[in-house]
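Listed below, chain by chain, are the residues.
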Amino acid sequence: MSNKIFILGIDGMSYSLMQSDYIKSLMPNLSDICTRYNLYKMNSVFPVISSVAWTSFATGSNPGEHGIFGFTDRQYNPFRIMIPMSKNRKKTPIWSRLPQVKKKIVINVPLTYPPEALNGYMVSCFLCTDIQKSTYPNDYHKHLMDMGYIIDADAWLVREDRTKFLQQLILAMDKRFQIAFELLNEDWDYFHLHIMETDRLMHFFFDYLAEKKADNISKLIESFLKKLDQWIYRLVNTIQNESAVIILSDHGFCQIKSEVQINLWMEQQGLLSFNGSRSLEDYNRESICYSLVPGRIYLNVEGREEQGSVKPNEYVAVRDMIRTKLLEFRNPDSGELVIDKVMFREEIYSGNWVKNAPDIIAHPKDGYDLKASLDCNQIFTRSFLTGMHTYGDAMIVGIGIDVSTINSIDQVCQIIWEYMKNDVV
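Report on the accompanying structure. (Residues numbered from 1 in each chain as written. Predicted model: local features only at pLDDT ≥ 70, side-chain atom pairs only at ≥ 80, totals over all residues. Heavy atoms only, no water.)

This brings us to unusual backbone geometry. With an omega of 0°, the peptide bond running from asparagine 77 to proline 78 counts as cis. Mapped onto the secondary structure, proline 78 falls in the loop between β3 (73-76) and β4 (79-82). Here the phi dihedral of asparagine 108 falls at roughly 75°; this positive angle occurs in a residue that is not glycine. The class of asparagine 108 is buried, set by a relative accessible area of 2%. The backbone phi angle of leucine 111 is positive, close to 70°, even though this residue is not glycine. By the element assignment, leucine 111 lies in the loop between β5 (104-107) and β6 (120-123). (Helix = DSSP H or I, 4+ residues; strand = E, 2+ residues; numbered from the N terminus. Buried < 20%, exposed > 50% of the residue type's maximum accessible area, 1.4 Å probe, protein only.)

Structure follows, in structure tokens:
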């Protein structure tokens with residue numbers, strides 16, 4: 001008999017939130033699972049971005065090995081901003097590493113667009129904008145369309161009608177689980193279902209979770225969490241006798257104090273300038289550095305960047321200077337330091353693709369959400385977002401598989417690999 005494993009990704013569900021009375025009251029079934037099978041805290045990745053974290057999960061490697069450093073990236077010569085997709089991943093994910101004979105089902109895992117050929121089914125993630133291109137086998141998309149499947153909730157809707165957005169979020173989650181329960185009837189050895197809706201909920205409504213507001217919106221949030229809990233209960237009861245189960249998140253969440261526009265800060269520090277339009281594609285040759293979210297800083301190195309000006313022999317001194325400035329950066333209203341730590345790429349990454357990594361990674365204090373907009377005239381801004389990702393507060397629990405030794409999300413893959421290798425004869 002072959003070992004089977006089911007992975008349930010609950011994007012952004014933090015360890016500390018799972019300890020709260022609020023979640024325990026709304027999600028008693030998941031809370032009971034966490035109590036009976038032991039809930040563990042684990043680290044995310046730097047930078048704390050879902051596409052980076054889940055790629056680290058799937059490949060069992062750090063960004064320097066798998067080559068994904070953010071939701072957006074840059075091609076440095078000629079310079080352009082791009083969105084990395086599955087074809088840009090440099091290491092093989094576990095569903096492709098497992099023997100061909102094993103059946104795999106992968107639903108909605110970040111960075112699975114375009115969908116990959118495998119012995120089973122794949123439904124792409126939020127990067128896919130056309131449902132007709134979202135599946136493997138290709139014609140499976142017809143079934144998704146027939147049943148009203150939603151690739152991702154419309155984030156712009158939250159700006160217009162928060163009630164409708166939450167209703168759409170619940171519907172998207174329901175469709176995700178409905179597809180999963182249908183595919184449970186297929187033969188499978190590895191099944192990964194990813195719930196992105198929790199991340200969307202916490203980005204836009206974390207103030208409700210933190211401040212315990214009570215209104216019609218809070219009732220919809222409670223309905224969402226209760227329904228998620230019911231789905232998890234039904235899922236675990238269906239599969240736990242025939243499969244190991246891992247339930248995990250990729251990062252934690254905290255409430256936003258302020259968004260911080262790092263490119264504007266750099267401009268005011270004399271580190272970044274522009275030729276005409278204030279866009280990264282039009283940065284001036286004399287610029288020292290520029291940033292992509294969140295806190296990824298690239299030096300304008302001569303011979304590497306299209307308009308490089310920083311001499312290679314000045315690289316170390318310039319990085320040290322920028323690190324010093326970042327660590328001294330304060331919120332002028334509160335006096336609080338904005339940046340918690342500043343890391344050089346070789347300090348946290350290893351592998352063949354470190355050369356594509358940001359030169360500096362600035363990790364903020366909780367509450368300061370690092371952005372890179374150039375459309376505003378203030379460094380400290382607010383938007384519709386109320387929650388931001390945190391590094392050290394992801395969660396993991398295992399049923400029928402020991403996850404007690406895992407410290408970070410990139411270590412989960414090896415545990416799964418060892419479990420799947422040790423098939424019972």
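Inspection of the secondary structure puts histidine 194 in strand β8 (residues 190-195). Within polar-contact distance, the side chain of histidine 194 engages the side chain of aspartate 11 at 3.0 Å. (Polar contact = N/O pair within 3.5 Å; in protein donor to acceptor, adjacent residues only side chain to side chain.)

This part takes up helix α9 (residues 162-183). Between its first and last C-alpha atoms α9 spans 32 Å; for 22 residues at 1.5 Å apiece the expected length is 32 Å, and the two agree. The N-terminus of α9 is capped by aspartate 161, whose side-chain oxygen sits 3.1 Å from the backbone nitrogen of threonine 163. (Expected span 1.5 Å × (residues − 1).)

With that settled, the discussion passes to the pairing of β8. The element β8 is extensively covered by neighbouring structure, given that six of its six residues are classed as buried. The alternating pattern of β8 places Tyr190, His192 and His194 on one face and Phe191, Leu193 and Ile195 on the opposite face, and all of these are buried. As judged from the six bridges shared by strand β1 (residues 5-10) and β8, these two strands associate in the parallel manner. Note on β8: the bridge partner recorded for glycine 9 is histidine 194. The sheet contact formed by β5 and β8 spans four bridges and is parallel. Across the sheet, residue valine 106 finds its bridge partner in β8, namely histidine 192. (Pairing = 2+ DSSP bridges.)

Regions of empty space are outlined by a rolling probe, equal in size to a water molecule, passed over the atoms. Considered as a void within the structure, the largest pocket measures approximately 1500 Å³ in volume. Taken together, 50 residues line the largest pocket, and the ones lying closest to its centre are Phe71, His203, Val293, Lys371 and Leu385. Class assignment for the residues of the lining of the largest pocket results in 28 nonpolar, 13 polar and nine charged. If you add up the space inside the second largest pocket, you get close to 240 Å³. Lining the second largest pocket we find Gly67, Ile68, Asp73, Arg74, Gln75, Tyr76, Met82, Pro84, Asn88, Lys90, Trp353 and Asn356. (1 Å grid on protein atoms, 1.4 Å probe; cavity = no way out; pocket = protein on both sides within 12 Å on 5 of 7 lines; lining within 4 Å. Points joined across faces, edges and corners; volume = space filled by probe spheres on them. Nonpolar A, V, L, I, M, F, W, Y, C, P; charged D, E, K, R; others polar.)

For any two helices packed against each other, one specifies the crossing angle of their axes together with the interaxial distance. Following both chains from N to C, one finds helix α10 (residues 197-211) and helix α11 (residues 216-239) inclined at 140°, their axes separated by 11 Å at the closest point. Between α10 and α11, the interaxial angle falls into the category oblique. Crossing of α10 against α11: the hand is left-handed. From α10, Glu197, Thr198, Leu201, Phe205, Tyr208 and Leu209 reach across to α11, where they touch Ile217, Ser218, Ile221, Phe224, Leu225 and Leu228. Across the contact of α10 with α11, the residue classes tally to nine nonpolar, two polar and one charged. (Axes fitted to C-alpha atoms, helices over the stretch in contact; angles between N-to-C directions. Parallel < 35°, antiparallel > 145°, perpendicular 65-115°, else oblique. Left-handed = near helix turned anticlockwise from the far one by under 90°. Contact = heavy atoms within 4.5 Å.)

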